[in-house]
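Given next are the chains, with one letter for each unit.
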Amino acid sequence: MKKKIVIASLILGSLSACCFTAVAADPPTAWTFKAGSAIHSYPVVADTILYFGSLDKSFYALGTLTGNKLWSFATPYPVNSMAMVQDGIVCFESGNRLYALDAITGDSLWSFVARDQEPVLSLDMTDYHHSSPVACNGTVYYGDEWGNMNGLDLQT
């Protein structure tokens, strides 16, 4: 009788080892921030600040540790472009304009319109164009809806 119990235990032990898998728990959420609309832009982190745009026509800066809003900047068009941060300046594109803001305060430093013409709504109905700026050696580069590659002095 003991042999049957031992064999039954071995079979049950083998079944439980091969047929049951452990389910890992979801990682805990550190924080959540709710924007006014969908977020399509890639987030960018510089130091302890997270930057991103939203279809609610705002560009946001949040504290990475808390998720608290540090500031937001309103634009006339949705913001889908990825931000670029360099030398204390954050740049992003929205509609027909490239914006440069103080990365800490969100104050406007300058903006540039490549062509003073109303942007044309894209096929996905969420934005006008999605060019994201990049910077190198003090120059910000971004492409616009009219086929221009623009190079601008980061400081001015």
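Before reading on, note that the structure itself is shown above.
Small disclaimer: the values here were computed from a predicted structure and weren't measured. (Residues numbered from 1 in each chain as written. Predicted model: local features only at pLDDT ≥ 70, side-chain atom pairs only at ≥ 80, totals over all residues. Heavy atoms only, no water.)

1. What about the sheet that holds strand S10 (residues 139-143)?
Judged by pairing direction, the sheet is antiparallel, and its 3 strands sit side by side in the order S9-S10-S11 without closing on themselves. What marks the edges here is a single partner per strand, and that holds for strand S9 (134-136) and strand S11 (149-153). The average angle at which neighbouring strand axes cross in this sheet is 30°, direction not considered. Judged from the 3 bridges that link them, S9 and S10 form a sheet pairing that is antiparallel. Bridge assignment links Val134 to a residue of S10, and that residue is Tyr141. (Pairing = 2+ DSSP bridges. Helix = DSSP H or I, 4+ residues; strand = E, 2+ residues; numbered from the N terminus. Axes fitted to C-alpha atoms, helices over the stretch in contact; angles between N-to-C directions.)

2. Here we look at the pairing of strand S3 (residues 58-63)
With respect to burial, S3 is a largely interior element, 6 of its 6 residues being buried. In S3, alternate side chains face the same way, and those of Ser58, Tyr60 and Leu62 on one face and Phe59, Ala61 and Gly63 on the other are all buried. Where strand S2 (residues 49-53) folds back onto S3 in an antiparallel hairpin, the turn is made up of 4 residues, including Lys57, whose phi is positive at roughly 70°. When S3 meets strand S4 (residues 69-74), the two strands line up antiparallel, connected through 5 bridges. Looking at the pairing, Leu62 lines up with Lys69 of S4. (Buried < 20%, exposed > 50% of the residue type's maximum accessible area, 1.4 Å probe, protein only.)

3. Describing unusual backbone geometry
Most peptide bonds take the trans form, and the phi angle of most residues other than glycine is negative. Unusually for a residue other than glycine, Asp47 sits at a positive phi of about 55°. Looking at the secondary structure, you find Asp47 in the loop between strand S1 (44-46) and S2. Asp47 sits in the exposed class, given a relative accessible area of 76%. The backbone of Asn137 shows a phi angle near 50°, a positive value even though the residue is not glycine. Within the secondary structure, Asn137 sits in the loop between S9 and S10.

4. So, the nonpolar core
As a rule of thumb, soluble globular proteins bury nonpolar side chains together. Grouped together as the largest cluster of nonpolar side chains are 15 residues, with contacts concentrated most on Tyr51, Phe59, Trp71, Phe73, Val90, Phe92 and Leu101. If you list the elements that add at least two residues to this core, you get S1, S2, S3, S4, strand S6 (89-94) and strand S7 (97-102). The residues contacting Phe73, other than those within four sequence positions of it, are Lys57, Ser58, Phe59, Phe92, Tyr99, Leu101, Gly106 and Ser108. Counting 10 residues, the second largest nonpolar core, distinct from the first, contains Met84, Cys91, Leu98 and Tyr142. (Core = buried A, V, L, I, M, F, W, Y, C linked by side-chain atoms within 4.5 Å. Contact = heavy atoms within 4.5 Å.)

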